[in-house]
Amino acid sequence: MPKFIFVTGGVLSSLGKGIAAASIGALLEASGLKVTIQKLDPYINVDPGTLSPFQHGEVFVTDDGAETDLDLGHYERFTHIRTSQTNNFTTGRIYYNVISKERRGDYLGDTVQVIPHITDEIKQAIKSVGNNNDVVIVEIGGTIGDIESLPFLEAIRQMRYDVGRENVLYVHLTLLPFIKTSGELKTKPTQHSVREIRAIGIQPDLLLCRTDRTLTPEAKKKIAIHCNMDGDAVINAIDVETIYEVPLALSSEGLDRQIIKKLSLPAKEAELGHWKDIVRKIKEPKNEVTIAIVGKYVGLKDSYKSLTEALTHGGIANDCRVSLQWIDSEEVEVNGPEKYLSDADGILVPGGFGYRGIEGKIDSIRFAREKRIPYFGICLGMQCAVIEFARNVCGLNANSSEFDLNTPTPIIYLMEKWYDFRKGKVEERTESTQKGGTMRLGAYPCVIEEKTLAHAAYRTKEISERHRHRYEFNNAYKGIVTRLGMKISGHSPDGELVEIVEIQDHPWFLGCQFHPEFKSRPTEPHPLFAAFIGAAVREKRSLFPQAEIIGREKGLD
Ligand code: GLN
């Protein structure tokens, strides 16, 4: 049976609870343990797939096609975990399960209540994730004091009695604000937060104190006494420059050793060399490029969390800092692409839905193609690249039927019949199912053609990548686009679904129907992101050899 670490948060939200949970995972893996991480979210939506990116940030997609909270992306990036549906439960899903059981008559006439029925369902969800792991880390969404997270807290309180005190650890993350007038870090909000969680019956074993400066030993001692804890259980989680430095910062405070000791885990000394290397490359890179991201939700960086991380990873692979320029595609529609894209070393159009801003994306792609600037199109960005090529190279009046149902040339469309390799059966869509529309979700196999940009990047013929879309490339137009210079370099094993397109006479122009950003890690940068950033570095060098680049000046070469 695994041991359990429950991570809660106090004082206020956005303290980095997800990164803290992921970092604990990273440290335990570095100590030779097998871990998994689960997120319990207090909102009522059954899954995050229906939430607006404006409200909730990115929807992270797992191999098995679950639409989950973006924190699962952090878990996968910081560890070797590949998450699935069982790594994310919302209050909505828990209630949905309980209500379905009640409708089926499973409770045999019992009065169905929050305690024990909802809490039992939560405990079952927690136990469903971990069997072959040494440690299961469970992050509880929300902040202590919220009404809606109470059933989760009650369930994790009970867990200690279900699985044994020695098998459970409670970690609480709080904030110590620095108040200028008194010139010190204030401990009172932390004291209140711990008092609140103790009132629920949970005594934190370890406290992670987020600060913007070093916490003095005296302050640690004060917190420990007020919060009923050992002095060495108060750990300073100090602000760092990059999230990938968090495991190192927490380890230097002794977090991993404390966890290993308190849970009596069979672990070795943490091996953190690769994290040090990553942090060095992020902080002191030899190169620098600017990538323009042309999208719709550009004010909301959380909507593109995995994407921005994957670009950073592409930078790590090339010892390169990746500066991002966020371009609103509707502004490109008004003012033209030159104004926004002339300084970009690479242009990227990410995934998205709906017609608004599409023409600006297509104009930006034309600019990238004609000015020979490296271009990377992801999902919608691939579909727009196909439309751009069909319009401006093939002379077709092309569109996606998502944007114009009556387009004469639906080069991107809803495929009516296709073989679903994940489900192992033929999927059919009719007019009526097209409306709400089934999405192609999760991991699908893709075959790569040799002598292509995709093959140069992946160096293998068979890959698996994650999808989240409804529309597909229309094979009726394969002939004309390939004759005029677009290469289909990746497709489903039966050749029916177009997964990757590229333009051959161009420094680097590639669009993929899947979302490669979901599988990139700082320790294993995704091949396409590494290749895209590599091309941006190369092209910048060839255009501005004198700019070779910041590393020379810094004497890093
Ligand atoms: N809107 C497009 C589709 O549904 C692209 C989706 C995406 O980019 N994730 O196919």
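Residues numbered from 1 in each chain as written. Predicted model: local features only at pLDDT ≥ 70, side-chain atom pairs only at ≥ 80, totals over all residues. Heavy atoms only, no water.

Where an unreviewed UniProt entry is consulted, the protein chain appears under the name CTP synthase, with the organism given as Candidatus Sulfobium mesophilum. Turning to the protein chain, the UniProt record has this under Function (unreviewed entry): "Catalyzes the ATP-dependent amination of UTP to CTP with either L-glutamine or ammonia as the source of nitrogen. Regulates intracellular CTP levels through interactions with the four ribonucleotide triphosphates." (UniProt positions renumbered as here; feature names shortened; annotations may be inferred.)

Draft legend 1. Quick peek at the overall build of the protein chain. Helix and strand counts for the protein chain come out as 21 helices and 25 strands. Taking 24 Å as the expected radius of gyration for a compact globule of 557 residues, we find that the protein chain reaches 25 Å, a close match to that expectation. Based on the C-alpha atoms only, the size of the protein chain along its principal axes is roughly 75 × 70 × 45 Å. The burial tally for the protein chain puts 57% of its 557 residues in the buried class. Pairs at least 24 residues apart make up 72% of the contacts formed inside the protein chain by residues separated by at least 6 positions. Summed over its atoms, the accessible surface of the protein chain is roughly 22900 Å², and 49% of this surface lies on carbon and sulfur atoms. (Helix = DSSP H or I, 4+ residues; strand = E, 2+ residues; numbered from the N terminus. Rg over C-alpha atoms; globule rule 2.2 N^0.38 Å. Buried < 20%, exposed > 50% of the residue type's maximum accessible area, 1.4 Å probe, protein only. Contact = heavy atoms within 4.5 Å. Areas by Shrake-Rupley, 256 points an atom, 1.4 Å probe, with all protein chains shown as cover.)

Draft legend 2. Representation of the side chain of T62. Relative to the helices and strands, T62 is located in the loop between β3 (60-61) and β4 (67-68). The class for T62 is buried, based on a relative accessible area of 0%. Within the structure, the side chain of T62 is placed 3.0 Å from the backbone nitrogen of A66, a separation counted as a polar contact. In contact with T62, not counting residues within four places along its chain, are T68, L72, T83, S84, Q85, G442, A443 and R466. (Polar contact = N/O pair within 3.5 Å; in protein donor to acceptor, adjacent residues only side chain to side chain.)

Draft legend 3. Representation of the site of the ligand within the structure. Within the structure, the ligand sits among G351, G352, F353, C379, L380, Q383, E402, R468, H469, R470, Y471 and H515. Side-chain polar atom of E402 to a nitrogen atom of the ligand: 2.7 Å apart, as the coordinates give it. A distance of 3.0 Å separates an oxygen atom of the ligand from a polar backbone atom of R470. Notes on the ligand: free accessible area 290 Å², of which the protein chains cover 99%. Listing elements by their share of the shell around the ligand, those giving two or more residues are α16 (380-392) and β21 (462-469). Looking at side-chain class alone, the shell around the ligand contains 4 nonpolar, 5 polar and 3 charged residues. (Near = heavy atom within 4 Å. Nonpolar A, V, L, I, M, F, W, Y, C, P; charged D, E, K, R; others polar.)

Draft legend 4. Spatial organisation of the environment of D505. Positionally, D505 belongs in the loop between β24 (498-503) and β25 (509-512). Look at D505 and you get exposed, because its relative accessible area is 63%. Sequence spacing of D505 and M486 is 19 residues, and the spatial spacing of their C-alpha atoms is 9.0 Å.

Draft legend 5. Fine view of the packing of aromatic side chains. Taken as a whole, this structure holds 13 aromatic pairs when the rule is applied. Their ring planes at 35 degrees and their centres at 5.3 Å tell us that F78 and Y244 sit as a pair that is tilted. Within this pair, whereas F78 is found in helix α3 (residues 71-78), its partner Y244 is found in the loop between β11 (234-238) and α9 (246-252), the two being separated by 166 residues in sequence. Classification of F78 as buried rests on a relative accessible area of 3%. Relative accessible area serves as the criterion here: at 1%, Y244 is assigned to the buried category. The interplanar angle of 65 degrees and the centroid separation of 5.0 Å between the aromatic rings of F376 and F529 together place this pair among those described as edge-to-face. With F376 in strand β15 (residues 375-378) and F529 in helix α20 (residues 527-543), this pair connects stretches of sequence that are 153 residues apart. The exposure class assigned to F376 is buried, which follows from its relative accessible area of 0%. On the basis of relative accessible area, F529 is assigned to the buried category, the value being 0%. (Phe/Tyr/Trp six-rings, centres within 6.5 Å; stacked < 30°, edge-to-face > 60°.)

Draft legend 6. Focus on helix α11 (residues 273-283). Among the residues making up α11, those that are buried are W275, I278, V279 and I282. Viewed along the axis of α11, the buried residues span an arc of 95 degrees, placing them on a single side of the element. Buried residues in α11 make contact with α1 (17-30), α3, α9, α12 (305-317) and β13 (320-328). (Arc of directions from axis to C-beta.)

Draft legend 7. Up close: the nonpolar core. Formed by 60 residues in total, the largest nonpolar core has its most connected members in I5, I24, L28, I137, L208, L255 and I259. Per-element tally for this core: the top contributor is α1, with 9 residues. When near neighbours in sequence (up to four residues on either side) are disregarded, L28 contacts I5, L33, V35, V135, I137, I259, I260 and L265. Ranked by size, the runner-up nonpolar core spans 40 residues in total, among them I362, F389, I412 and Y471. (Core = buried A, V, L, I, M, F, W, Y, C linked by side-chain atoms within 4.5 Å.)

Draft legend 8. Just the sheet that holds strand β22 (residues 472-473), in detail. Here 3 strands make up an open sheet; going across it, the order is β16-β17-β22 and the pairing mixed. Since the sheet does not close on itself, it has two edges, and those belong to β16 (398-400) and β22, each with one partner. (Pairing = 2+ DSSP bridges.)

Draft legend 9. Highlighting the pairing of strand β2 (residues 35-41). For β2, a buried count of 7 out of 7 residues is recorded, marking the element as mostly surrounded by other parts of the structure. Judged by which residues are buried, β2 turns out to be covered on both faces: V35, I37, K39 and D41 on one side and T36, Q38 and L40 on the other are all buried. In this sheet, strand β6 (residues 135-140) lies alongside β2 in parallel orientation, the contact comprising 6 bridges. By the bridge assignment, T36 is partnered in β6 with V136.

Draft legend 10. Spatial organisation of the environment of E76. By the element assignment, E76 lies in helix α3. Judged by its relative accessible area of 1%, E76 is buried. The spatial distance from the C-alpha of E76 to the C-alpha of E241 is 21 Å, given a sequence separation of 165 residues. For E76, the residues in contact, after removing those within four places along its chain, are F60, I81, R82, T83, R466, F518 and R521. In terms of polar contacts, E76 uses its side chain to reach the side chain of T83, at 2.6 Å.

Draft legend 11. Geometry of a nonpolar patch on the surface. Where nonpolar side chains cluster on the molecular surface, the patch consists of Y95, I99, V114 and I115 and spans about 330 Å² of accessible area. Sorting the residues of the nonpolar patch by element identifies α4 (91-104) and α5 (114-127) as the ones contributing at least two each. With respect to the element layout, I115 can be found in helix α5. Using a relative accessible area of 47% as the deciding quantity, one classes I115 as partly exposed. (Patch = residues over 30% accessible without salt bridge, like charges linked within 9 Å, V, L, I, M, F, W, Y side chains within 5 Å. Salt bridge = Lys/Arg side-chain N within 4 Å of Asp/Glu carboxyl O.)

Draft legend 12. Representation of the sheet that holds β2 in the model. Spatially, 7 strands are ordered β5-β2-β6-β1-β7-β10-β11 in an open sheet, and the strand pairing comes out parallel. A strand with exactly one partner marks an edge of an open sheet, and here the two such strands are β5 (88-90) and β11. Put simply, the sheet's adjacent strands are angled 20 degrees from each other on average, direction ignored. Bridge analysis of strand β7 (residues 168-175) against strand β10 (residues 206-211) gives 5 bridges, and the strand direction is parallel. Bridge pairing in β10 places L175 opposite R210. (Axes fitted to C-alpha atoms, helices over the stretch in contact; angles between N-to-C directions.)

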